[in-house]
Amino acid sequence: STFEGPPVCGRTTKVFGVPLPPGVRIDIRPISLKGFLDTATGECRLDFDARFEGSIFGEEFIKLPPMTVRSPLTTGETRGEQRSARGSRFGTVALEVPSSPMKSVNGDSALDPCLGGTPGDLAELVAVASVPVVKGDWDWLMNVLLRLPADALAVLPCRLRLWDP
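Residues numbered from 1 in each chain as written. Predicted model: local features only at pLDDT ≥ 70, side-chain atom pairs only at ≥ 80, totals over all residues. Heavy atoms only, no water.

### Some remarks on the overall build of the chain
Right, on to step 1. If you tally the helices and strands in the chain, you get one helix and 10 strands.
Right, on to step 2. Start at the N end of the chain and walk to the C end: the helices and strands fall as β-β-β-β-β-β-β-β-β-α-β.
Right, on to step 3. By residue count, 29% of the 165 residues in the chain fall in the buried class.
Right, on to step 4. For the chain, long-range pairs separated by at least 24 residues make up 59% of all intrachain contacts whose partners lie at least 6 apart in sequence.
Right, on to step 5. Here the chain displays about 11,200 Å² of accessible surface, and carbon together with sulfur accounts for 57% of that area. (Helix = DSSP H or I, 4+ residues; strand = E, 2+ residues; numbered from the N terminus. Buried < 20%, exposed > 50% of the residue type's maximum accessible area, 1.4 Å probe, protein only. Contact = heavy atoms within 4.5 Å. Areas by Shrake-Rupley, 256 points an atom, 1.4 Å probe, with all protein chains shown as cover.)

Below, the structure is given as structure tokens:
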């Protein structure tokens with residue numbers, strides 16, 4: 001019923017292998033997330049529509065024009081005009097428990113979504129989304145820096161956990 005993701009910033013995102021510069025931040029505002037997961041095969045396809053709202057050194061300084069992008073996420077193969085990628089189905093990604101600075105209480109890893117789980121709950125979702133030219137204040141800056149219109153590649157390692165509260 002909810003989706004939460006980190007903002008796009010230098011801590012979370014690289015462009016051509018280089019982290020985004022300090023002060024650049026893009027918040028992801030979900031519009032819709034729908035699709036399917038085949039628990040027998042591990043295949044997953046999701047249509048993720050989101051609005052991306054950005055700023056440089058805060059909205060008070062430079063508020064960038066928003067972009068609405070449809071990202072067809074898949075554990076299969078995806079292709080755009082300039083980019084392509086192949087995901088990995090649930091149950092086919094090796095279980096790796098990353099080191100985490102968070103400490104669990106009483107050894108309960110449920111408090112940290114990066115710890116615990118089983119090999120079947122890991123996958124890699126990929127998407128190639130067409131990002132259109134933006135319009136509005138500072139549009140020239142975004143269109144030049146992002147070379148819009150362009151394909152955007154997303155590679156999302158993920159863990160799926162189902163529970164009955």
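### Looking at the side chain of Thr78
Right, on to step 1. Considering the arrangement of structural elements, one finds Thr78 in strand β7 (residues 77–79).
Right, on to step 2. Residue Thr78 is classed as buried on the basis of its relative accessible area of 9%.
Right, on to step 3. When near neighbours in sequence (up to four residues on either side) are disregarded, Thr78 contacts Ser84, Ala85, Val126, Ala127 and Val128.

### A short note on the pairing of strand β9 (residues 122–131)
Right, on to step 1. Of all the 10 residues making up β9, eight are buried; the element is thus mostly covered by neighbouring parts of the structure.
Right, on to step 2. Across 10 bridges, β9 lies against strand β10 (residues 150–159) in antiparallel orientation. What sits directly across from Ala129, in β10, is Ala152. (Pairing = 2+ DSSP bridges.)

### Thoughts on the pattern of salt bridges
Right, on to step 1. The tally for this structure, following the rule as stated, stands at 10 salt bridges.
Right, on to step 2. Salt-bridge contacts for Glu53 lead to Arg51; the nearest nitrogen and oxygen are separated by 2.9 Å.
Right, on to step 3. Note that Asp121 and Arg159 form a salt bridge whose closest N and O atoms lie 3.4 Å from each other. Of this pair, Asp121 sits in the loop between β8 (84–86) and β9 while Arg159 is found in strand β10, placing the two residues 38 residues apart along the sequence.
Right, on to step 4. Each of the salt bridges in this network shares a partner with another, and the network as a whole consists of Arg25, Asp27, Arg29, Arg51 and Glu53. (Salt bridge = Lys/Arg side-chain N within 4 Å of Asp/Glu carboxyl O.)

### Considerations on the confidence of the model for the chain
Right, on to step 1. For the chain, the average pLDDT comes to 81, and 79% of its residues sit at 70 or higher.
Right, on to step 2. Summarising per-element confidence for the chain, the mean pLDDT is lowest in strand β1 (residues 14–15) (78) and highest in β7 (95). (pLDDT = per-residue confidence, 0-100.)

### Structural notes on unusual backbone geometry
Right, on to step 1. Of the consecutive residues Leu148 and Pro149, the connecting peptide bond is found in the cis state with omega at 0 degrees.
Right, on to step 2. By secondary structure assignment, the location of Pro149 is in the loop between α1 (139–145) and β10.
Right, on to step 3. We note that Phe57 has phi near 55 degrees; this positive angle belongs to a residue other than glycine.
Right, on to step 4. The backbone phi angle of Arg147 is positive, close to 55 degrees, even though this residue is not glycine.
Right, on to step 5. By secondary structure assignment, the location of Arg147 is in the loop between α1 and β10.

### Topic: the packing of aromatic side chains
Right, on to step 1. Within this structure, the stated rule accounts for two aromatic pairs.
Right, on to step 2. Between Phe57 and Phe61 the ring centres are 6.0 Å apart and the planes differ by 75 degrees, which places this aromatic pair in the edge-to-face class.
Right, on to step 3. Residue classification places Phe57 among the exposed residues on the basis of a relative accessible area of 55%. (Phe/Tyr/Trp six-rings, centres within 6.5 Å; stacked < 30°, edge-to-face > 60°.)

### What to know about the side chain of Ser55
Right, on to step 1. Counting through the fold element by element, Ser55 comes out in strand β4 (residues 44–56).
Right, on to step 2. Contact partners of Ser55, with chain neighbours within four places excluded, come to Gly23, Val24, Arg25, Ile62 and Leu64.

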